[in-house]
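Fold and geometry: a report
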Amino acid sequence: MKIALVGVGKIARDQHIPAIAGHEGLTLAATASRNASVEGVEAHTDLASLLEARPDIGVISLCTPPQYRYADARLALEAGRHVMLEKPPGATLSEVHDLIDLARKSGVTLFATWHSRHAAAVSAARDWLADKTIRSLEVTWHEDVRYWHPGQEWIWEAGGLGVFDPGINALSILTAIYPRALHLSNATLTFPENRDTPIAARLSFADPGGAEVSADFDWRKEGDPAWDIRISTDAGEAVLSEGGAKLHVDGNRLETPEADALGGEYPGLYARLHDLVSRGESDVDLSPMVHVADAFTLGRRLTTDPFQF
Ligand code: NAP
């Protein structure tokens, strides 16, 4: 299966290129990026010229920031190519619905990825929780924006999501492991006075099952990140830590495949892509993005100190 990558930046280099190289059924056949290329791989500066030059490339994987992804996704789907989207799948929900319709009409695969769902302990956490009575669940997603997103202006521009860029990873795990649908009941978003996206957010969710569910996202934590979900149940306390990589129940580690923070996630995504394309199916779950959209709709706005890199 020949793949082209669009947007050769941080995540393309850190994760997509090694994950494609590590899958025996996939080949990186070309790239489209205005300012970057991959040594030894055919390079174009825009997707339109790539699509015209390479009708043999069946899959386009889009690694650009969310605000600039829709036009390329449309172009690729209209050209009859399968499309894989980085998270979040778009800048708005309605544009992703448009892509879903187009993929269906074109008879091709659309795969909206949530890499954190492929972290080593996420499915074990889902299975463990399935028959428990949940009393409370608390998400803590704290990291240093200067370390994890150095110089990324797009993340501070409207549509870039700010702290919800990592926060949506937590929500992708929450929506994968929680046994019921939740909905947002309260939110507070803290914006630097010179930026269009928040640096911190606190969320509360209503659970029809009665548990207290909350999330705290903050980009102002220096040093090691905290990417944890703490769940109190009738059968003990579970902690899903390190972004979904490790699961402890009452302090004891549950055996899951070894993987460091992002280690197994992108190989898992590309295995899933290969599977979806082979079977002629799509996979677009918008539930993490719905919670983020709700937070922008419902959230109270607080203002804090200006942010400079
Ligand atoms: P990035 O390095 O800032 O951007 C990726 C590439 O997109 C850039 O190198 C650039 O390539 C292109 N690009 C940037 N701004 C653009 C614009 N205004 N118009 C068109 N193209 C533009 O971002 P990233 O960290 O790789 O993140 C990309 C996506 O992956 C985001 O949705 C992010 O949430 C997701 N992601 C990132 C990480 C991470 O650790 N960084 C982890 C998981 C998921 P050219 O200038 O060469 O065109």
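Below you will find a few notes about this structure. (Residues numbered from 1 in each chain as written. Predicted model: local features only at pLDDT ≥ 70, side-chain atom pairs only at ≥ 80, totals over all residues. Heavy atoms only, no water.)

What follows is about the sheet that holds strand S5 (residues 82-85). Spatially, S3-S2-S1-S4-S5-S6 is the arrangement adopted by the six strands of the open sheet, whose pairing is parallel. Edge strands, defined here as strands with exactly one partner in the open sheet, are strand S3 (42-44) and strand S6 (110-112). Neighbouring strand axes in the sheet, compared pairwise and without regard to direction, differ in orientation by 20° on average. (Pairing = 2+ DSSP bridges. Helix = DSSP H or I, 4+ residues; strand = E, 2+ residues; numbered from the N terminus. Axes fitted to C-alpha atoms, helices over the stretch in contact; angles between N-to-C directions.)

A separate point is the site of the ligand. Neighbouring the ligand are 23 residues; Ser 33, Asn 35, Arg 69, Gln 152 and Asp 165 lie closest to it. At a separation of 2.7 Å, an oxygen atom of the ligand approaches a polar side-chain atom of Asn 35. Take Gln 152: an N or O atom from its side chain is 2.7 Å from an oxygen atom of the ligand. Here the ligand has 880 Å² of accessible area as a free molecule, and 83% of this is covered by the chains. (Near = heavy atom within 4 Å. Polar contact = N/O pair within 3.5 Å; in protein donor to acceptor, adjacent residues only side chain to side chain. Areas by Shrake-Rupley, 256 points an atom, 1.4 Å probe, with all protein chains shown as cover.)

All told, the structure shown has 20 salt bridges when counted by the stated rule. The salt bridge involving Asp 14 is made with Lys 10; its shortest N-O contact spans 2.9 Å. With Asp 14 and Lys 10 both in helix H1 (residues 10-21) and four residues apart, this pair spans about one turn of that helix. The exposure class assigned to Lys 10 is partly exposed, which follows from its relative accessible area of 42%. (Salt bridge = Lys/Arg side-chain N within 4 Å of Asp/Glu carboxyl O. Buried < 20%, exposed > 50% of the residue type's maximum accessible area, 1.4 Å probe, protein only.)

In this model, Lys 87 is joined to Pro 88 through a cis peptide bond whose omega is -15°. Along the chain, Pro 88 turns up in the loop between S5 and helix H4 (93-106). In the Ramachandran plot, Leu 161 falls in the positive-phi region, its phi being about 75° despite a non-glycine side chain. Looking at where Leu 161 falls in the secondary structure, it is placed in the loop between helix H6 (145-148) and helix H7 (164-177).

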